[in-house]
Amino acid sequence: MTLLQVAFQGEPGAYSELAAFEHFREEINTLPCKTFEEVFTAAGDEQQANIVGLLPIENSLAGSIHRNYDLMLRHDLHIVSEYHLRVSHCLMALPGVKLADIQRVHSHPQALAQCEANLTEMGVEIVAEADTAGSARLLRERDDRQAAALASRRAADVYQLEVITEHMEDNPANYTRFLALAQQPLQVDDPEAGDYKTSIVFSLHNQPGVLFKSLSVFALRDIDLTKIESRPIPGQLWEYMFYVDFVGHAQALDPSRAISNLGEFAPFLRTLGSYPRHHLKTLYK
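Caption draft 1: Broad picture of the overall build of the chain. Regarding its fold elements, the chain presents 9 helices and 15 strands. Reported as C-alpha extents along the three principal axes, the dimensions of the chain are approximately 65 × 50 × 40 Å. Out of the 285 residues in the chain, the part that is buried amounts to 49%. Pairs at least 24 apart in sequence give 74% of the contacts found in the chain among residues at least 6 apart. Accessible surface, the chain: about 14,400 Å² in total, of which carbon and sulfur atoms supply 50%. When the 24 positive and 38 negative side-chain charges of the chain are each reduced to one mean point, those points stand 1 Å apart.

Below, the structure written as structure tokens:
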């Protein structure tokens, strides 16, 4: 049996890898990639049909990851699922190191910012690194017993570090939404049944009221929009692509009519995928 391979951006132990194991909940092989572009390339490799890419698209505190919106437009992949990962930063160090021994804390700038109040209270020097898992790896490689890293609990396991303090983040409502992308769209037996979300992208002519008109095709059919994002079109000054997520499957009756209606006046329209919605049972612990 060929295992599913999940490509992600980052090093082993990264939050993206943690999301892959939590989301698929089955035996998988993970494929670390240096950049988001490499994840899209791996997932689009026609010689490797068993690879999917798992990419962060937005964080509840930091907002959207615009690079991945742009890359979705450049690659012919389909969204097949979504997952919301609870991001919990752990303070970790070499075995035997105590909290009082720590003088420096290494991590990605975003993680450091999300733990700013707790780090200030500790009175330590903060050191920015390329990513969270990489900071854990560097700690192990340098054998630095006066330093700690902020990363996931999985990173502590991968690099054999001890977690000194959990939940270092100042705001516990910290979630990252991930999208799984594959070469083929998700096939369903009945698009009217089940709880689905659809993502589309479209452009509009710069005319008065055209954005209102585009959104009204959903409002008139009581279709719930869950996200709207605009991105500039390269080479076209002050022209934009609009990314919209809505509740429902693109092949269901009302959504399909809304998309068809939108296509009557949108010069560009593409359905990025219809996929099961992921619901959070609890906000945070």
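After presenting the structure, the write-up continues.
Caption draft 2: Region of interest: the pattern of salt bridges. Going through the model one piece at a time under the given rule, you end up with 16 salt bridges. Here Arg-177 and Glu-82 are joined by a salt bridge, their closest N and O atoms 2.8 Å apart. Here Glu-82 lies in strand β5 (residues 78-86) and Arg-177 lies in strand β11 (residues 175-182), a separation of 95 residues in the sequence. Glu-82 carries the same exposure label as Arg-177, and that label is buried. Several salt bridges converge on common partners, so that one network encompasses Glu-58, Glu-82, Arg-177, Lys-197, Lys-227, Glu-229 and Asp-245.

Caption draft 3: Structural context of the sheet that holds strand β14 (residues 240-247). Strand order in the open sheet made by the 4 strands is β13-β14-β12-β15, with antiparallel pairing throughout. Single-partner strands in this sheet number two, and they are β13 (225-232) and β15 (268-276). Averaged over neighbouring strand pairs, the angle between their axes works out to 15° when direction is ignored. Pairing geometry for strand β12 (residues 196-203) and β14, over 7 bridges, is antiparallel. Each bridged residue has a counterpart across the sheet, and for Ile-200 the counterpart in β14 is Val-244. Sheet strands touched by helix α8 (residues 210-219): β12, β13 and β14. Its angle to β13, the strand with the most contacts, is close to 150°.

Caption draft 4: The arrangement of the sheet that holds strand β6 (residues 90-93) in detail. Strand order in this open sheet of 5 strands is β8-β7-β9-β6-β10, and the pairing throughout is mixed. With partners counted over all chains shown, the strands left at the sheet margins are β8 (125-128) and β10 (162-165), one partner each. This sheet shows a mean twist of 35° between the axes of neighbouring strands, independent of strand direction. Alignment of strand β7 (residues 104-107) against strand β9 (residues 147-151), held across 3 bridges, turns out to be parallel. Residue pairing across strands places Arg-104 opposite Ala-147, the latter belonging to β9. In the packing of helix α6 (residues 132-142) onto the sheet, the strands contacted are β6, β7 and β9, and the crossing angle to β9 comes to about 155°.

Caption draft 5: Spatial organisation of the state of the cysteines. Tallying each qualifying case throughout the model produces 0 disulfides. Left unpaired, Cys-115 is separated from the closest cysteine sulfur, that of Cys-90, by 9.6 Å. We classify Cys-115 as buried; its relative accessible area is 0%.

The rules we used
- Residues numbered from 1 in each chain as written.
- Predicted model: local features only at pLDDT ≥ 70, side-chain atom pairs only at ≥ 80, totals over all residues.
- Heavy atoms only, no water.
- Helix = DSSP H or I, 4+ residues; strand = E, 2+ residues; numbered from the N terminus.
- Buried < 20%, exposed > 50% of the residue type's maximum accessible area, 1.4 Å probe, protein only.
- Contact = heavy atoms within 4.5 Å.
- Areas by Shrake-Rupley, 256 points an atom, 1.4 Å probe, with all protein chains shown as cover.
- Lys, Arg positive; Asp, Glu negative; His and termini not counted.
- Charge placed at Lys NZ, Arg CZ, Asp CG, Glu CD.
- Salt bridge = Lys/Arg side-chain N within 4 Å of Asp/Glu carboxyl O.
- Pairing = 2+ DSSP bridges.
- Axes fitted to C-alpha atoms, helices over the stretch in contact; angles between N-to-C directions.
- Disulfide = S-S within 2.5 Å.

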